[in-house]
Amino acid sequence: MTDKTNETPKLSHNETIKTNSRFLRGTLAEGLGEVASGAISEDDQQLIKFHGIYLQDDRDLRPERAKRKLDKAYSFMARLRVPGGVLSREQYLAMDKLSDDRGNQTLRITTRQSIQFHGVIKTNLRPALRQIDSVLLDTIAACGDVNRNVMCTPNEFAGRAYAQAEQTARDISTHLLPQSGAWREIFINNEKVTEALEAEPIYGATYLPRKFKIAVAVPPQNDVDVFAHDLSYIAIVENGDVVGYNVLIGGGMGATHGDAETFPRVGEVIGFCTKESAVAVAEAVVTTQRDYGNRMNRRRARLKYTIADLGLDFIVREVNARLKVKLEPARDYKFAGNGDRMGWHTSEDGRHHLTLFVENGRVANVGAWQLKAALKQIAETLDVAFILTPNQNIIVAKADDAARAKIEKILADHGVTLRGSVLREAAIACVALPTCALALTDAERYLPSLITKLDALLAEHGLDQQPITVRMTGCPNGCARPYLAEIGFVGRNPGRYNLHLGGNVDGSRLNRLYREDADEETILATLAPLFADYAQTRQNGEGFGDFVIRQGIV
Ligand code: SRM
Ligand code: SF4
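Residues numbered from 1 in each chain as written. Chains lettered and ligands numbered in written order. Predicted model: local features only at pLDDT ≥ 70, side-chain atom pairs only at ≥ 80, totals over all residues. Heavy atoms only, no water.

Trainee: Which residues make up the overall build of the protein chain, and what values do they have?
Mentor: Helix and strand content of the protein chain: 17 helices and 22 strands. In terms of overall size, the protein chain behaves like a compact globule, its C-alpha atoms giving a radius of gyration of 23 Å where 554 residues would be expected to give roughly 24 Å. Along the first, second and third principal axes, the C-alpha atoms of the protein chain reach 65 × 55 × 55 Å. A buried classification covers 58% of the 554 residues belonging to the protein chain. Expressed as a percentage of contacts within the protein chain between residues at least 6 apart in sequence, the contacts between residues at least 24 apart total 68%. As displayed, the protein chain has an accessible area near 21700 Å², and 50% of this comes from carbon and sulfur atoms. Side-chain charges of the protein chain comprise 68 positive and 70 negative groups, with the mean position of each set lying 3 Å from the other. (Helix = DSSP H or I, 4+ residues; strand = E, 2+ residues; numbered from the N terminus. Rg over C-alpha atoms; globule rule 2.2 N^0.38 Å. Buried < 20%, exposed > 50% of the residue type's maximum accessible area, 1.4 Å probe, protein only. Contact = heavy atoms within 4.5 Å. Areas by Shrake-Rupley, 256 points an atom, 1.4 Å probe, with all protein chains shown as cover. Lys, Arg positive; Asp, Glu negative; His and termini not counted. Charge placed at Lys NZ, Arg CZ, Asp CG, Glu CD.)

Here it is, written out as structure tokens:
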């Protein structure tokens, strides 16, 4: 292995932090024990991400606290590692309790099928992670320069192919897990760590140049957005069984406003692998990125830039050179859409699975809408499983006939309707303000009211039953994968968004910038004539994203 970190003097500071961290320990143990401050040192803030945790502060409170010369209102966000998003009812209940005991009383389902706990104060962090560990879950590698939570088309209870794909997602997640014992030592055993004698066989001591993301899709669903990740797998199913996967590399969403060197990119199919070699392919792609990724400029450190700089052919040759079984030519596949399959579905074994709409993934009790209480009661009383979806919804899975009726009653008793409007159900927004340090404006807190206005506009033109993908983020990092939406809103300034149009229904095409820095009035005034035109002149079955491309609007 060539370790570029030894060859150049201009490494990014994060490389030095990793090198000196003794396999992700740094001074975290000491910093967490320091009670005078709610924060930790800057270098440890980078390291703690590898353990699935971010230091944040409530940005709403910043001005008032600054005026009163108070420290920021610090707290931590912890993110679970849940490959494929599958939770047993016991695990779900423990997470519900944890959010009440140690968090901000909400569970936040993420766009990578995980759960985030916001508002965990420093003294609660170790107890929170012990609660997570007690139900055999963890937060290892949920953030940081390593492979993140591996996504997979849910749900494993719906058929053999889904279960096989989820097993592949779990196998990849396990294989690429950092070997460092730091997480357990720092957060669970509370041992003071003095020296680490360990090795990271796959990552090496400096881990990856940047985060790395993997997803597995089972067609016709592209709910995981296979084109958005560093590495993706498309299951090839024959006679109900997965025989192997088409492999894609080089997707990614993040960009920086005004920096043409950074861009969203869709992944490209580079071949087919058997199901037995899927894990080896993951290791080959990850180690290629480890060795050739940019360790000097973190803005250009994802695999998509390594491919842009060195060429796809070079990277594919490298990947093949590291494989015993080489990639074969890709097989045919077809996706129908990148949304979730909402509502009830019944699998061949007669069990029922409800994909329940959760607006922007926030599981909470708000007024008459007691979603969190309802899910808790379902978990307490019924033999079901819970699956977090890639579009921030939740599946209550494997219910028998009696449980199905009871689920409907519990939800109704708690004021929870099963479905939202067509537009609202498919829409997703990132967290953004007040917790995200990088947010330029709101997303999760604003999208619901914008959807109400867009719904009214669509209804005026008889389009309220037309599925259109809307996604919003509070900055250009792309956490809700907005560049693949038919209508994407990307935060630019407070209350202002870049409006992107032209993604397609299967999530394989990037949209394009149509209006910059638009406030709500401009957004509505811009979309109204486009909706009118779409209602009048669309072709049979034509999606809004395809329409704006055909008409030359973008
Ligand atoms: Fe993200 C950083 C939230 C999925 C691209 N993302 C962040 C941070 C941690 C902000 C920070 O670094 O301080 C956000 C925390 C907000 C908060 O208060 O909770 C954050 N990202 C999220 C979540 C929670 C969005 C959501 O509302 O669901 C998603 C958590 C996923 C998970 O469970 O692991 C989330 N982030 C994504 C995705 C979508 C995906 O992975 O499919 C992307 C685009 C795909 C990609 O990576 O290209 C994404 N997040 C980023 C980036 C840009 C990375 C880049 O290399 O371009 C950042 C900023 C960074 O890393 O420097 C970022
Ligand atoms: Fe924060 Fe930007 Fe990600 Fe939204 S897209 S969560 S604002 S980093």
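Moving on, there is more to tell.
Trainee: So, the domain arrangement of the protein chain: which residues are in play, and what are the values?
Mentor: Size of an interface, as often reported, equals the accessible area lost when the parts are brought together. Along its sequence, the protein chain is organised into domain 1 (148–339), domain 2 (343–420) and domain 3 (424–550). Computed over C-alpha atoms, the centres of domain 1 and domain 3 are 28 Å apart. At the interface, 19 residues of domain 1 touch 18 residues of domain 3. Both faces combined, the contact of domain 1 with domain 3 buries some 1400 Å², and carbon together with sulfur accounts for 58% of it. Of all residues in domain 1, the largest losses of buried area upon contact with domain 3 belong to Met253, His257 and Asn338, amounting jointly to 43% of the total for that side. Seen at the junction of domain 1 and domain 3, the total is two salt bridges. Across the salt bridge formed by Arg471 and Asp225, the nearest N and O atoms sit 2.8 Å from each other. (Domains from an automatic or database assignment. Buried area = accessible area lost by both parts, 1.4 Å probe. Salt bridge = Lys/Arg side-chain N within 4 Å of Asp/Glu carboxyl O.)

Trainee: Requested: an account of the site of ligand 2, with residues and values cited.
Mentor: All residues adjacent to ligand 2 are Cys430, Ala432, Cys436, Leu438, Ala439, Thr473, Gly474, Cys475, Asn477, Gly478 and Cys479. For the shell around ligand 2, a count of residues per class yields seven nonpolar, four polar and no charged. (Near = heavy atom within 4 Å. Nonpolar A, V, L, I, M, F, W, Y, C, P; charged D, E, K, R; others polar.)

Trainee: An account of the coordination of the iron atom of ligand 1 is requested, with residue identities and associated values reported.
Mentor: Coordination of the iron atom of ligand 1 by the protein comes from a single atom, Cys479 (SG), at 2.3 Å. Relative to the helices and strands, Cys479 is located in the loop between β19 (470–473) and β20 (487–493). (Donors = N, O, S within 2.8 Å, 3.2 Å for Na, K, Ca; no water.)

Trainee: Let's hear about the sheet that holds strand β16 (residues 385–388): which residues, and what values?
Mentor: Here we have five strands laid out as an open sheet, ordered β3-β16-β17-β12-β11, and antiparallel in their pairing. Unpaired on one side and paired on the other, β3 (86–88) and β11 (343–346) mark the two borders of the sheet. Ignoring strand direction, the axes of neighbouring strands in this sheet form an average angle of 25 degrees. Pairing geometry for β11 and strand β12 (residues 352–356), over four bridges, is antiparallel. Pairing of Gly343 across the sheet is with Thr355, part of β12. (Pairing = 2+ DSSP bridges. Axes fitted to C-alpha atoms, helices over the stretch in contact; angles between N-to-C directions.)

Trainee: Please give an account of the packing of aromatic side chains that cites residues and values.
Mentor: Tallied over the entire structure, the rule returns 14 aromatic pairs. A centroid spacing of 5.5 Å and a plane angle of 65 degrees characterise the contact between Phe531 and Phe544, whose relative ring orientation is edge-to-face. Here the residue Phe531 occupies a position in helix α16 (residues 520–537), and Phe544 occupies one in helix α17 (residues 544–550), the gap between them amounting to 13 residues. The burial state of Phe531 is the same as that of Phe544; both residues are buried. One aromatic cluster is present, formed by Phe531, Tyr534, Phe544 and Phe547 through successive ring pairs. When the ring centre of Phe272 is taken as reference, the NZ or CZ atom of Arg331 above it lies at 3.8 Å. Its guanidinium or amino end placed over the ring of Phe157, Lys398 lies 5.9 Å from that ring's centre, counting from NZ or CZ. (Phe/Tyr/Trp six-rings, centres within 6.5 Å; stacked < 30°, edge-to-face > 60°. Lys NZ or Arg CZ within 6 Å of the ring centre and 35° of its normal.)

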